[in-house]
Amino acid sequence: MSVKNDQPDMNRRKFVGTTVAAAGAVVVAPGVLLHTVAGADPESRGASAKHRWGMLIDANKCAEGCSACVDACNSEHGLTGHDRPATDAQWIRAVKLKDNSTGHINRLVMMCQHCEHPPCVDVCPTGASFKRTDGIVLVDRHICIGCRYCMMACPYKARSFVHEDLENQSVNAPRGKGCVEGCTMCVHRIDRGETVTACQEACHDTGHGAIVFGDLKDPDSEISQALKSQNSRQIRADLKLNTGVRYSNL
Amino acid sequence: MSKMYYRELYCGTPVRYWAGMALLGTIVAIALGAAFYMEHNGHWVTGMTNQVVWGLPHVFAIFLIVAASGALNVASIGSVFGGPMYKPLGRFSSLLAIGLLAGGLVVLLLDLGRPDRLIIAMTHYNFKSIFAWNIILYSGFFAIVGLYLWAMMDRKANRYYRPIGFAAFFWRLALTTGTGSIFGFLVAREAYDAAIMAPMFIIMSFSYGLAFFIITLIAAYMWGDRELGDLRLARLKNLLGVFVGAVLYFALVFNLTNLYVTQHHGVESFILLNGGVYTAMFWIGQVLIGGVIPLFLIYSPAFDKARWAIAAASMMVLIGGFFQIYVIVIGGQAFPMSVFPGKEVLESSFYDGTVGAYAPSLPEMLLGIGGIAIAMTMVAVGARMFKVFPESLEDPGESA
Ligand code: SF4
Ligand code: SF4
């Protein structure tokens, strides 16, 4: 488990950032009248670097035909659809897979993988897409301009664009038409001090227990123990994004 | 070289000018209406989905932005490389570049989920994002090309002409590189994962920009009843031939190198063989209409000085270019992203593993066409306000 390199070389990164910003300011001067360097500093948005939140999903336990976690996520965040699957928001989805060489079939749930090096954050022009110090990747819907570049960049198709007017929003997750959104790891719960996500709770209640959520930086947490005791993998590990969501028995 | 006189574009009668403007204005108004309709209802009324997130407006916008930088070519040749045949066309070349870029950016802006947040886009920068850099490159382009135009028109500013010309030349190469890099950064999407993307965009810009330039030049001189020499057109035509050939060559290299990368076999055969509409667009749209036929029209001695052939070739280059960008933007998204390598997706509520469906909607189309009309309106207004067009573009030999 490579949790220890969670925030690699922050000083060097800051330096590069400042240099680029300075060079940028010089270049900008002729063309843009209004500019301020984005206040995209993740440290300023609460959360603590003492944690890194993550999930372990056991593909063997994810049960055929079950949609408990998906339903729980939808109701927790007020994701009401319009029966238009191509444009309705989906923060979490079940996928059934067959291995090409062995023919082995299993099922898992996909959501934002809360990458340590999130491409969505790198490409976002305004800094609306950001990573908190506790590893949760979010969209600030107040500065998202709806360019959808992050959706192009995400290797997991984890994000949805709000394609229409919203009704009956949930206080847990204010949303915005014309903005992009995705799994928040139930950040509203975490910020209240809870450590159980809606999907995990629902999965547990059905008795399947396929989702374990917790703090990857706490060696005693259930998830850290589980990761230590069994083999797990990241999806598209080749991209080296060091995802916060891991899978076992895949 | 004989002395050039530049004059505002009056088109003989006021009716002729204003009728043209009214037509353009109507198209722009319809486009704005279409944009409002899409914003008001939300993007679900378009063909775009959570799978194909960039649709027809992006195709138009990228096409215009790429063409904008290429349209500046003629001015660059005139000042950077000092070609006497091209120099008198420099002013128009700059004006067209500004117009095309503005048209493309308006389309891009109006397709955002939140176009009302333009001010946020201008004030919040994430300097790691190539998109943010592009906002800077585009703003700078307006400023530099504006100065360039001024240096060409104002005798007092003439001494800045060459340095600004060089600056503009490099700036626009950066601009096209930046636009191409938008795709280069999408590592997870197989269709875009190639370093050749940025240089390919540069050569595409040369070709589309010049085609736009030739068509609008012929149109403006007809509209304004002015003389346009065959020799000059022939020069432009030959240059276009070189660019069109280069684009074809690059497209070939791009696809062949992609074939080499085992991991990219899937997306290559998707575009070249079994991608349905995208395969057709590639071979018929991009290669045949945008490459082979124009090359024939340009180089066949049968059409030596035929103006219609030059205009038709330019028009086809534009149509082919449009398809090329369509295949890159939409085809690249429609091809299923490999989220689970080595696995076949049996079921997914989010279209994993399936070819993304996209059918462009009418409002998207109207918005895109509006972008072209905005570009043309800016050129028509600019040419009326400033001395952009030489009074006569007779061939140098004849008038001297
Ligand atoms: S899974 Fe996608 S949306 Fe989530 S952090 Fe990674 S790149 Fe961003
Ligand atoms: S859609 Fe929003 S969050 Fe995504 S890249 Fe654009 S501005 Fe950033």
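What you see is a predicted model; the values in this text were computed from it and never measured.

J.: Explanation requested: the overall build of chain B in the structure shown.
T.: Helix and strand content of chain B: 14 helices and four strands. Since a compact globule built from 400 residues should have a radius of gyration of about 21 Å, the 22 Å found for chain B is in line with a globular shape. In terms of principal-axis extent, the alpha carbons of chain B reach across some 75 × 50 × 40 Å. For chain B, buried positions account for 61% of its 400 residues. Long-range contacts, defined as pairs at least 24 residues apart, comprise 81% of the intrachain contacts of chain B with a sequence gap of at least 6. Taken as a whole, chain B presents about 15,300 Å² of accessible surface, with 71% of it coming from carbon and sulfur.

J.: Got a minute to help me understand the interface of chain B and chain A in this structure?
T.: By a widespread convention, an interface's size corresponds to the accessible area lost as its parts come together. Listed as interface residues are 63 residues of chain B and, on the opposing side, 68 residues of chain A. Where chain B abuts chain A, roughly 5,800 Å² becomes buried across the two surfaces, and 60% of that area is made up of carbon and sulfur atoms. Linking chain B with chain A are five salt bridges, by the criterion used here. With its nearest N and O atoms 2.7 Å apart, the salt bridge here joins A:Arg93 to B:Asp352.

J.: Is there a simple way to think about the site of ligand 2 in this case?
T.: The environment of ligand 2 is formed by 13 residues, the closest being A:Cys124, A:Cys144, A:Cys147, A:Arg148 and A:Cys150. The class makeup of the residues in the shell around ligand 2 is nine nonpolar, three polar and one charged.

J.: I tried to follow the sheet that holds strand 2 (residues 53-58) of chain A on my own but got confused; where do I start?
T.: Either a parallel or an antiparallel arrangement is found when strands of a sheet pair, and the pairing is made through backbone hydrogen bonds. All names here are of chain A. Here three strands make up an open sheet; going across it, the order is 9-2-10 and the pairing mixed. Single-partner strands in this sheet number two, and they are strand 9 (211-215) and strand 10 (245-248). The average undirected angle you get between the axes of adjacent strands in this sheet is 20 degrees. On top of the sheet, helix 7 (residues 222-229) reaches strand 2, strand 9 and strand 10; it is set at about 115 degrees to strand 9, its chief contact.

J.: In this structure, what is going on with the layout of surface pockets? I would like to understand it.
T.: Think of a ball as big as a water molecule: rolled over the atoms, this probe shows where empty space is left. Residue and element names in this part refer to chain B. Reported here for the second largest pocket is a volume of approximately 670 Å³. Lining the second largest pocket are 25 residues, with Ile215, Thr216, Ala219, Ile372 and Met376 sitting closest to its centre. For the lining of the second largest pocket, the secondary-structure elements that each account for two or more residues are helix 1 (14-41), helix 2 (56-71), helix 8 (197-223), helix 12 (307-334) and helix 13 (362-385).

J.: What exactly am I supposed to notice about a nonpolar patch on the surface here?
T.: Together, B:Trp283, B:Ile284, B:Leu288 and B:Val292 make up a nonpolar patch on the protein surface, roughly 360 Å² of accessible area in all. For B:Leu288, the position within the fold is in helix 11 (residues 277-299).

J.: Is there a simple way to think about the pattern of salt bridges in this case?
T.: Two side chains bearing opposite charge may form a pair once their charged atoms approach each other closely. Residue and element names in this part refer to chain A. Applying the stated criterion to the full structure yields 21 salt bridges over all chains. Glutamate 64 is the salt-bridge partner of lysine 96, the closest N and O atoms lying 3.4 Å from each other. Highlighted residues: lysine 96 in strand 3 (residues 92-99) and glutamate 64 in the loop between strand 2 and helix 2 (68-77), separated in sequence by 32 residues. Residue arginine 132 pairs with aspartate 191 through a salt bridge whose shortest N-O separation is 3.0 Å.

J.: Explanation requested: the packing of helix 4 (residues 90-110) of chain B against helix 8 of chain B in the structure shown.
T.: Each packed pair of helices is defined by two parameters, the angle between the axes and the distance between the axes. All names here are of chain B. Packing of helix 4 against helix 8 brings their axes to within 11 Å, and their N-to-C directions diverge by 110 degrees. With respect to their mutual orientation, helix 4 and helix 8 come out roughly perpendicular. The two elements helix 4 and helix 8 cross, and the hand of that crossing is right-handed. Counting all contacts with helix 4, which are made through Phe92, Ser93, Leu96 and Leu100, the residues of helix 8 involved are Phe212, Phe213, Thr216 and Leu217. In terms of residue class, the contact of helix 4 with helix 8 is built from six nonpolar, two polar and no charged.

J.: Which parts of the structure should I look at to understand the packing of aromatic side chains?
T.: Geometry of an aromatic ring pair is reported as the spacing of the ring centres plus the angle between the planes. Taken as a whole and judged by the stated rule, the model has 29 aromatic pairs over all chains. Both rings, one in B:Phe282 and one in B:Trp283, keep their centres 4.9 Å apart while their planes meet at 85 degrees; by these two values the pair is edge-to-face. Overall, the relative accessible area of 6% leaves B:Phe282 in the buried class. Since its relative accessible area comes to 42%, B:Trp283 is described here as partly exposed. Each member of the aromatic cluster is reached from another via a ring pair, and the members are A:Tyr149, B:Trp54, B:Phe131, B:Phe183, B:Tyr192 and B:Phe201.

J.: Any chance you could explain helix 10 (residues 265-274) of chain B here in plain terms?
T.: Because an α-helix completes one turn every 3.6 residues, residues spaced three or four positions apart along the sequence face the same direction. Residue and element names in this part refer to chain B. Listing the buried residues of helix 10 in full gives Val267, Glu268, Phe270, Ile271 and Leu272. Buried residues in helix 10, looked at end-on, bunch into an arc of 165 degrees, giving them a common side. Within helix 10, the exposed residues directed more than 90 degrees away from the buried face are Leu273 and Asn274. Lining the buried residues of helix 10 we find helix 9 (230-260), helix 11 and helix 12. Immediately beyond the C-terminal end of helix 10, within one or two residues, lies glycine 276, with a positive phi of roughly 60 degrees.

J.: What is the right way to look at the site of ligand 1 in this model?
T.: Surveying the vicinity of ligand 1 reveals 13 residues, the closest of which are A:Cys112, A:Gln113, A:Cys115, A:Cys120 and A:Cys154. Here the shell around ligand 1 is built from residues that sort into 10 nonpolar, two polar and one charged.

J.: When you look at the nonpolar core in this model, what are you seeing that I'm missing?
T.: Side chains that are nonpolar tend, in soluble globular proteins, to be buried together. Counting 202 residues, the largest nonpolar core has A:Tyr149, B:Leu100, B:Phe183, B:Leu217 and B:Leu236 as the members making the most contacts within it. Counting residues per element, this core draws most heavily on helix 8 of chain B, at 18 residues. Apart from the residues lying within four places of it in its own chain, the contact partners of A:Tyr149 are A:Val123, B:Trp54, B:Ile130, B:Phe131, B:Ser181, B:Ile182, B:Phe185 and B:Leu186. Among the nonpolar cores identified, the runner-up in size contains six residues, and A:Val212, A:Leu216, A:Ile223 and A:Ala226 belong to it.

Calculation rules
Residues numbered from 1 in each chain as written. Chains lettered and ligands numbered in written order. Predicted model: local features only at pLDDT ≥ 70, side-chain atom pairs only at ≥ 80, totals over all residues. Heavy atoms only, no water. Helix = DSSP H or I, 4+ residues; strand = E, 2+ residues; numbered from the N terminus. Rg over C-alpha atoms; globule rule 2.2 N^0.38 Å. Buried < 20%, exposed > 50% of the residue type's maximum accessible area, 1.4 Å probe, protein only. Contact = heavy atoms within 4.5 Å. Areas by Shrake-Rupley, 256 points an atom, 1.4 Å probe, with all protein chains shown as cover. Buried area = accessible area lost by both parts, 1.4 Å probe. Salt bridge = Lys/Arg side-chain N within 4 Å of Asp/Glu carboxyl O. Near = heavy atom within 4 Å. Nonpolar A, V, L, I, M, F, W, Y, C, P; charged D, E, K, R; others polar. Pairing = 2+ DSSP bridges. Axes fitted to C-alpha atoms, helices over the stretch in contact; angles between N-to-C directions. 1 Å grid on protein atoms, 1.4 Å probe; cavity = no way out; pocket = protein on both sides within 12 Å on 5 of 7 lines; lining within 4 Å. Points joined across faces, edges and corners; volume = space filled by probe spheres on them. Patch = residues over 30% accessible without salt bridge, like charges linked within 9 Å, V, L, I, M, F, W, Y side chains within 5 Å. Parallel < 35°, antiparallel > 145°, perpendicular 65-115°, else oblique. Left-handed = near helix turned anticlockwise from the far one by under 90°. Phe/Tyr/Trp six-rings, centres within 6.5 Å; stacked < 30°, edge-to-face > 60°. Arc of directions from axis to C-beta. Core = buried A, V, L, I, M, F, W, Y, C linked by side-chain atoms within 4.5 Å.

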